[in-house]
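The chain contents come next:
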Amino acid sequence: MKTIRVIWGILGVLSLTGGGIFAQGIQQTKGDFVDKFRQLDEVLPTANSYRNAAGQPGHEYWQQKVDYDIEVALDEERQRLTAVETVTYQNNSPDSLSYLWLQLDQNRFRADSRANMSRTFRGDSPDDDKAARISLGQLRRQHYLADKQFGYRINSVVDASGDELSFTIVGTLMRIDLPRPLAPDRDVEFSIDYSFDIINGEIMSPRGGYEYFPDDENEGGNYIFAISQWFPRLVAYTDYEGWTNKEFLGSGEFTLEFGDYQVAITAPADHIVAATGDLANPGAVLSREQRERLEQAESADRPVYIVTPEEALENEREGTSDTRTWRFEAENVRDFAWASSRKFIWDAKGHQQEGAEQELVMAMSFFPKEGDPLWSDYSTEVVIHTLEVYSRFSFDYPYAKAQSVSAGFLGGMEYPMMTFNGPRTEEQEDGSRTYSLSEKRFFIGVIIHEVGHSYFPMIVNSDERQWTWMDEGLNSYLDAVAGREWDPDIPWGVEPRDIVDYMRSRTQVPIMTQSDSVLRLGSNAYSKPAVALEILRETIMGRELFDFAFKQYSNLWQFKRPTPADFFRTMEEASGIDLDWFWRGWFYTTDHVDISLERVFEMRMDTENPDIDYERLRQQDADKPSSLFVERNRQEGLRTWIERNPGVRDFYDENDQFTVTNKERNRYNSFIEALEDWERETLGRAVEEDKHYYILEFSNKGGLVMPIILQLNYANGSSEEIRLPAEIWRRSPRAVKRLVVTDESVTEIIVDPALETADADRENNYYPRRIIPSRIESFKAERSGGLSRRDIMQDIKTELKTGDEEEDEDSDN
């Protein structure tokens, strides 16, 4: 054990209290300093009258408004849409616009699209020992694109007078040239006549398409149509980029304008249609009994069937050539999606938002028999749970309905008031339908996630094409909050430990990377930003400050278009915490967290009293390991020369180097007398308390600065947590020292004991070092999670075989 020599004067007092020269050591080489705490305003766009420095919409903030009036007809037999849309574009910008850009997302499925032509082959190249491999699914996709021409057929583009407008198609974009520039505060109206063939969802895995059920009793089978990205939509024109006209390649989703919609959907007369917006003609498309059931559902304790399973089954057996038109109206939405099928079971339940502008929200689900019993039991209830949690953390849900629609070819996809969700059940030989625990968990999770998108980005309208994390990351964070309030045992993937492997991988890119260039979109845009927010709330800011700041951001940018700078600035302004180091490290770099506790020095205070200190030194000397040579001589019974000749002795055989003389005592007395009163009092207290002093040496091996969270385990069996803020690294981001003073003797120190900082290397977090479970043991533990993938609902029916039956089965094999 080392001792601390007292440094007298002011520095001595500071060192003893743990806040002075021992608190932090500077470890760097001349010229290699990196400022991890450099202010982010050097990188962020300069604040202006549109977006101010506090992260708020500025006093001259503007955004465009686009209204749509669409009449669309669904041709079920040919799986085709034909439509005419009339668009009213309101120019609220300070700029005159000579042309307008529209998104033609269906053109992504053209064989010559930039998305298809830029696809890479991800399999192995052939060599002498093996051939290259291509899946049958890939071949099927190639045949499908070769056999049919997909994408929009633009039949005409005309102005309000019926005069043709010049237009140019550029991949998934279309530019309409205006006869004269559209001045600020003016609007323009035009119409587009178009059609396209709907994509087979099973083959292409699109965000919208159709699902075919060939085995249904209806001749020719049945379909579920989940229709999205189905009409030419205006590209957003913004203050930060102008036209956000980046080609749609498939990963980067959509940047859209708010507006009002009137949509008339003509579908087979036996179809049930679910859509964005309010149904404007229920009397024309719903029976009296269905309307009464909807009214009953408003105050029901459990979801009420509007179309029962029995009615849906009977409906899907018939088929018809008649049509019916459903009319929907939606105000202040950024998109419109719909679904249509004769297979739909439909249930609903009212959700009350007391005191909100929209007090009654109808939660509804649409699904085929292939989804039951999972969908009937959970879908609508999960929708309501999601609304409750998200509204608590952001704002009241502003629309009259929230819907979950079953589309088997999709994992999940979101639109205003509409979500498409994929999980289904499996039919067994006895006619029952079952599912595994993991399928149930995924089902609940995907509905929470997709309904959560109703808030981000459907209302907080971030630019998905440029910054995917602003909706997926924020939403993944909140869906995990809601999910763990539903069932904390479901693995939601947002614990800091869940992102460690990605953060130290070679495929990591900064979160701020544009979505089409991200290597692993799920980890980059969903998991990592969600974990970052989890760490901010639970570890760095605390729940109260984080929740207040996040709610401020949500409300400030409701029905507006925030950028990353607006989010970063709002979170700092509302919380009063400088987070520039956090945004820079987590969002702009590929650094990871790896804080290593390299060495620990244990020390005791020198009293300067020789009668005390010399005895301590004598004890320390006696506690040293003896010489191996000397120890083996003793084991062999060898006696030293002095032991064999006891008469040969002198003064030093009775007095060692730790013997105290009056000379040392006189020096000590003179030392004490020379002290100032406060110095004598300080030393006396330190000697009396006789605390334990430890110097801890840390190194930052991952590059990402984070708080240092310590658990000190004491010899008496107790423990203590110490939380050192990230600012401890501000002068030396590679290595620091810290003085820790304790009442009890420390036996072990653990860095990040609760795994709350995403530290990548557990081994260097313990002092003394611990044995860490091997990767084989960790892999076995991970594989055991596969138990949830068993269909226990079905397996529980299995009869236990007798010994004779097992022998008979073995002999047959």
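Just so we're clear, the structure is a prediction, and the values are computed from it rather than from any experiment.

Analysis parameters
Residues numbered from 1 in each chain as written. Predicted model: local features only at pLDDT ≥ 70, side-chain atom pairs only at ≥ 80, totals over all residues. Heavy atoms only, no water. Helix = DSSP H or I, 4+ residues; strand = E, 2+ residues; numbered from the N terminus. Rg over C-alpha atoms; globule rule 2.2 N^0.38 Å. Buried < 20%, exposed > 50% of the residue type's maximum accessible area, 1.4 Å probe, protein only. Areas by Shrake-Rupley, 256 points an atom, 1.4 Å probe, with all protein chains shown as cover. Patch = residues over 30% accessible without salt bridge, like charges linked within 9 Å, V, L, I, M, F, W, Y side chains within 5 Å. Salt bridge = Lys/Arg side-chain N within 4 Å of Asp/Glu carboxyl O. pLDDT = per-residue confidence, 0-100. Contact = heavy atoms within 4.5 Å. Polar contact = N/O pair within 3.5 Å; in protein donor to acceptor, adjacent residues only side chain to side chain. Phe/Tyr/Trp six-rings, centres within 6.5 Å; stacked < 30°, edge-to-face > 60°. Lys NZ or Arg CZ within 6 Å of the ring centre and 35° of its normal. Pairing = 2+ DSSP bridges. Axes fitted to C-alpha atoms, helices over the stretch in contact; angles between N-to-C directions. Core = buried A, V, L, I, M, F, W, Y, C linked by side-chain atoms within 4.5 Å. Expected span 1.5 Å × (residues − 1). Parallel < 35°, antiparallel > 145°, perpendicular 65-115°, else oblique. Left-handed = near helix turned anticlockwise from the far one by under 90°. Nonpolar A, V, L, I, M, F, W, Y, C, P; charged D, E, K, R; others polar.

1. Some thoughts on the overall build of the protein chain
A tally of helices and strands in the protein chain yields 23 helices and 33 strands. For 813 residues, the compact-globule estimate of 2.2 N^0.38 gives 28 Å, and the protein chain exceeds it by more than 25% at 35 Å. The principal-axis extent of the C-alpha atoms belonging to the protein chain is close to 125 × 85 × 65 Å. For the protein chain, the proportion of its 813 residues judged to be buried stands at 50%. With an accessible surface of roughly 39300 Å², the protein chain has 46% of that area assigned to carbon and sulfur atoms.

2. Considerations on a nonpolar patch on the surface
Residues Trp-641, Ile-642 and Val-648 make up a contiguous nonpolar surface patch of roughly 300 Å² in combined accessible area. Here Val-648 shows up in the loop between α18 (641-644) and α19 (662-674).

3. Comments concerning the confidence of the model for the protein chain
In the predicted model, the protein chain carries a mean pLDDT of 91, and the fraction of residues at 70 or more is 93%. Confidence drops under pLDDT 50 across residues 6-26; counting only partners more than four residues distant or on other chains, this segment forms 44 contacts. Under a pLDDT of 50 for its full length, residues 780-784 has, in the predicted model, zero contacts with residues more than four places off or in other chains.

4. Topic: the side chain of Asp-759
Tracing the backbone shows Asp-759 in the loop between β32 (746-751) and β33 (766-767). A polar contact is formed between the side chain of Asp-759 and the backbone nitrogen of Ile-595, at a distance of 3.0 Å. Reaching out from Asp-759, the side chain makes a polar contact with the backbone nitrogen of Asp-761 at a distance of 3.1 Å.

5. Some details on the packing of aromatic side chains
Tallied over the entire structure, the rule returns 55 aromatic pairs. Consider the rings of Tyr-99 and Trp-101, whose centres lie 6.5 Å apart with planes at 85 degrees: the pair is edge-to-face. The cationic tip of Arg-233 hangs over the ring face of Phe-254; the distance from NZ or CZ to the ring centre is 4.6 Å. Lying across the ring of Phe-213, Lys-343 places its NZ or CZ 4.3 Å from the centre.

6. A look at the sheet that holds strand β20 (residues 345-352)
A sheet is described by the order of its strands in space; here six strands give the open sequence β17-β20-β21-β22-β24-β23, paired in mixed fashion. The open sheet is flanked by β17 (304-307) and β23 (412-415), the only strands paired with a single partner. Averaged over all neighbouring strand pairs, the angle between strand axes comes to 20 degrees, with direction disregarded. In terms of strand pairing, β23 meets strand β24 (residues 418-421) through four bridges, oriented antiparallel. Each bridged residue has a counterpart across the sheet, and for Gly-412 the counterpart in β24 is Asn-421.

7. A closer look at the sheet that holds strand β2 (residues 65-75)
Spatially, the seven strands line up as an open sheet ordered β5-β8-β3-β2-β14-β18-β16, and their pairing is mixed. Strand pairing shows two members of the sheet lacking a second neighbour, β5 (153-159) and β16 (278-279), which therefore form its edges.

8. Quick notes on the nonpolar core
Across soluble globular proteins, nonpolar side chains have a tendency to be buried as a group. If you look at the biggest cluster of nonpolar residues, it comprises 196 residues, and the most contacted ones within it are Trp-230, Trp-338, Phe-420, Phe-567, Phe-582 and Trp-586. If you tally residues by element for this core, the top one is helix α8 (residues 374-393), at nine residues. When residues no more than four places from it in sequence are discounted, the contact partners of Trp-586 are Met-503, Ile-511, Lys-528, Val-531, Ala-532, Ile-535, Val-593, Leu-704, Met-706, Thr-757 and Ala-758. Met-605, Ala-686, Ile-695 and Leu-739 belong to the second-largest nonpolar core, a separate cluster that totals six residues.

9. Remarks on the pairing of strand β7 (residues 173-182)
For strand β4 (residues 97-103) and β7, the ladder comprises six bridges, and the chain directions are antiparallel. Looking at the pairing, Leu-102 lines up with Met-174 of β7. Taken together, strand β6 (residues 166-170) and the strand that follows it, β7, pair antiparallel across an intervening segment of two residues, in which Gly-171 is found at a positive phi of about 65 degrees.

10. A look at unusual backbone geometry
Cis geometry is found at the peptide bond from Asp-372 to Pro-373, where omega equals 5 degrees. Mapped onto the elements, Pro-373 comes out in the loop between β21 (360-367) and α8. Cis rather than trans, the peptide bond between Phe-456 and Pro-457 has omega equal to 20 degrees. Looking at the secondary structure, you find Pro-457 in the loop between α9 (437-452) and α10 (469-486). Positive phi values are uncommon outside glycine, yet Gln-79 reaches one of about 50 degrees. Of note, Gln-79 is situated in the loop between β2 and β3 (80-91).

11. Observations concerning α9
Taking 1.5 Å of rise per residue, the 16 residues of α9 would be expected to cover 22 Å, and the 23 Å separating its terminal C-alpha atoms lies within 8% of that figure. Looking at α9, one finds that the buried residues are Phe-443, Ile-444, Gly-445, Val-446, Ile-447, Ile-448, His-449, Glu-450, Val-451 and Gly-452. Summarising the contacts, the buried residues of α9 are in contact with α8, β22 (401-406), β23, β24, α10 and α12 (521-540).

12. With respect to the pairing of strand β9 (residues 209-213)
Among the five residues of β9, four are classified as buried, and the element is accordingly described as predominantly covered. Sheet analysis places β9 next to strand β10 (residues 222-227), joined by five bridges and oriented antiparallel. Within β10, the residue paired with Glu-211 across the bridge is Ile-224.

13. A short note on the packing of α9 against α10
α10 packs onto α9 with a crossing angle of 130 degrees between their chain directions and a minimal axis gap of 9 Å. Here α9 is positioned oblique relative to α10, judged by the angle of their axes. For the element pair α9 and α10, the recorded crossing hand is right-handed. In this structure, α9 contributes Ile-444, Ile-448, His-449 and Gly-452 to the contact, and α10 contributes Glu-472, Asn-475, Ser-476, Asp-479, Ala-482, Gly-483 and Trp-486. Broken down by class, the residue content of the contact of α9 with α10 amounts to four nonpolar, five polar and two charged.

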